[in-house]
Every structure is written in C-alpha cells, then in structure tokens.
Amino acid sequence: MTYISVNQVSKQFRRRGQVTEALRDIAIHLEEGTFVSLIGPSGCGKSTLLRIIGGLETADEGEVLVEGVAPLEAQSHKRFGFVPQAPALFPWRTILENMRLPFEVNRKGGRQTPEQTEEAKELLHSVGLGDFLNAYPKELSGGMQQRVGIVRAFASGAPILLMDEPFSALDEITRERIRYQLMEIWDSHKKTVVFVTHSIREAVFLSDKVVVMSSRPGRVTEIVDIELPRPRRHELEETEEYLQYVHHIKGLLRERWEH
C-alpha cells in the first residue's frame, strides 16, 4: 500500500486581486521508509507541496492521503515531524530541554520517558553535540543549532519527517558534514522523509527518489529512482554512477530553464 499519495494536486494563491498558480496536477506516490527529495527552480512550489502534504496548506484540486487518511487527520495523530529552514530553538532552554519540546507539545503522547531521553542524548552524541547538552542555543553555531533541530525531529517519534531546505543557511563545508550525519541517522531510523532542496548533489546522495519539478506552475517533470547502494558514504560522490544521476537531473532542469 502506498504510504503517501498525492493525487492530481493543484494550488493557487490569490493576493491583491491577482491569481498565482503555484502547483498543477501533481501526482506522487511514496512508499513507507523512503527518502524523497523535491527539487526545482525557486518559486516552483516545492515548499507549498510540502506544506500540503503536512496539512499546513489545503489543495484547491486533488487530494493527499497519508496512511489512507487526510493530512489534517494524520497531523492530529502526530504522524509528522517538521524541520524548517531555521532550527526554531527556544533561547531560554538548554539543548536537552529543547529536545523535549515535541513531547511537551504532544499532550496525547505524555511526558518524555527515560528511554526517550536517553535516545535524544545518543542522537546528540552521534552528531557531535554530546558536550553541549546543557548549553543554550546562543552558545552554538548555526550548523550546530540545525543539527539539534534535525535530531529533535528524529527523536520525536513521528514516522514522517518533512524537511524544508534545512541546510539552506549553512556554508558548504558545514552543509556537507550535516548531510552525511543526516544520512547516518536516517540509516538507523528509516523514517519516511520528504526533503526540499536546491542542491542536485544533495538530492542524489540522500534520496531513494528525486522528484524534479518545473518552474511555476510547479509540475512533475520526472521522478528519478536513485538506485545507489546503501549505506552511503562520502566516497560515493566520486563514482561515475552517482555523477550520471547528477548530470541527468541537471539536464532535466536545464531543459525547463531553456523553455
């Protein structure tokens, strides 16, 4: 059974009497435990599509089903973890206290158990933040803060993670390091991830599927299955097979730019 179904979804925005068509006839079907990236030019509706999947926006046409139910119902059952562009940490709380936020917000889920606290600590250690459990966000670099946001989503217990360009504000060296750390965490947890990015290399390295989108109105140009072996390490990015995927997706995007 398809885990997430996006069926002929279209979306328009109306502002000051003008209509902007953001998405047109989007159809995507995702299996459980897969890592899927959305890539396309700026303004093509990638983030809008992510928000529709998560129940934060509604489609004008078509429907989305998450485990067979509407996104709002899935949201009410705490099926989603969100990782935005900014890490959204409370400055007055320590890193470990910030890790507890999903459990405090989720009243149905109760308090964080000792086992979940230990898992949160282990995740922080795995991304090099074990010495910063009692530090405050202002004491961490931007890359370190973003790592907290990512591992918090994995520790939340939500089976689906929606990640909206979480590395966009980072320098290339930090971005590359966190990319590898994200892959290691995902290998251990195998959550279903929908990931918005502008980086072709990032999308190919992380994903099982890359959804290539056209310029506005966003449409699906091609869904590329990434059949590269896992687990994936940095050496993969030097292989011919990896580079062929990068060149193929770059070509798809270039064709759309030229038209």
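Quick caveat, the model's predicted, so the values are computed rather than measured.

Draft legend 1. Structural context of the overall build of the protein. Along the backbone of the protein there are nine helices and nine strands. At 18 Å, the protein has a C-alpha radius of gyration in line with the 18 Å of a compact globule built from 259 residues. In terms of overall dimensions, the protein has a C-alpha envelope of 50 × 45 × 40 Å along the principal axes. By the burial criterion, 51% of the 259 residues in the protein qualify as buried. Taking the intrachain contacts of the protein between residues at least 6 apart in sequence as the baseline, contacts between residues at least 24 apart amount to 70%. Of the roughly 12800 Å² of accessible surface on the protein, 48% is carried by carbon and sulfur atoms. The protein carries 33 positive and 37 negative side-chain charges, and their two centres are separated by 7 Å.

Draft legend 2. Local environment of the nonpolar core. In this structure, Leu124, Leu182, Val204 and Ile249 are the most contacted members of the largest nonpolar core, which totals 51 residues. If one sorts the elements of this core by residue count, helix α6 (residues 142–155) sits on top with seven residues. With residues up to four places along the chain from it excluded, the contact list for Ile249 reads Ile39, Ile200, Val204, Val210, Val212 and Val224. With 27 residues, the next largest nonpolar core counts Ile26, Val66, Leu162 and Met213 among its residues.

Draft legend 3. Layout of the pattern of salt bridges. Counting across every chain of the model gives 14 salt bridges. Residue Arg24 is joined to Glu21 by a salt bridge in which the shortest nitrogen-to-oxygen separation is 2.8 Å. Take Arg24: its relative accessible area is 32%, and that puts it in the partly exposed class. The class of Glu21 is partly exposed, set by a relative accessible area of 25%. When the shortest N-O distance is used, the salt bridge between Glu202 and Arg179 registers 3.9 Å.

Draft legend 4. Here's a closer look at helix α5 (residues 114–126). For α5, spanning 13 residues, the distance from its first C-alpha to its last is 18 Å, which sits close to the expected 18 Å at 1.5 Å a residue. Restricting attention to buried positions, one finds in α5 the residues Thr117, Ala120, Leu123 and Leu124. Take α5 and look down its axis: the buried residues cluster within an arc of 120°, on one side only. Facing away from the buried side of α5 by more than 90 degrees, the exposed set consists of Pro114, Glu115 and Glu122. Contacts made by the buried residues of α5 are with α3 (95–99), α6 and α7 (172–189). In the stretch just after α5, Gly128 is the one whose phi turns positive, near 80°.

Draft legend 5. Representation of the sheet that holds strand β1 (residues 4–15) within the structure. Here we have three strands laid out as an open sheet, ordered β2-β1-β4, and antiparallel in their pairing. Unpaired on one side and paired on the other, β2 (18–30) and β4 (61–66) mark the two borders of the sheet. Recorded for the sheet is a direction-independent mean angle of 30° between the axes of neighbouring strands. Across nine bridges, the pairing between β1 and β2 is antiparallel. In the sheet register, Lys11 faces β2, and the bridge partner there is Leu23. Packed onto the sheet, helix α1 (residues 46–53) meets β1, β2 and β4 and runs at close to 120° relative to β1.

Thresholds, definitions, all that
Residues numbered from 1 in each chain as written. Predicted model: local features only at pLDDT ≥ 70, side-chain atom pairs only at ≥ 80, totals over all residues. Heavy atoms only, no water. Helix = DSSP H or I, 4+ residues; strand = E, 2+ residues; numbered from the N terminus. Rg over C-alpha atoms; globule rule 2.2 N^0.38 Å. Buried < 20%, exposed > 50% of the residue type's maximum accessible area, 1.4 Å probe, protein only. Contact = heavy atoms within 4.5 Å. Areas by Shrake-Rupley, 256 points an atom, 1.4 Å probe, with all protein chains shown as cover. Lys, Arg positive; Asp, Glu negative; His and termini not counted. Charge placed at Lys NZ, Arg CZ, Asp CG, Glu CD. Core = buried A, V, L, I, M, F, W, Y, C linked by side-chain atoms within 4.5 Å. Salt bridge = Lys/Arg side-chain N within 4 Å of Asp/Glu carboxyl O. Expected span 1.5 Å × (residues − 1). Arc of directions from axis to C-beta. Pairing = 2+ DSSP bridges. Axes fitted to C-alpha atoms, helices over the stretch in contact; angles between N-to-C directions.

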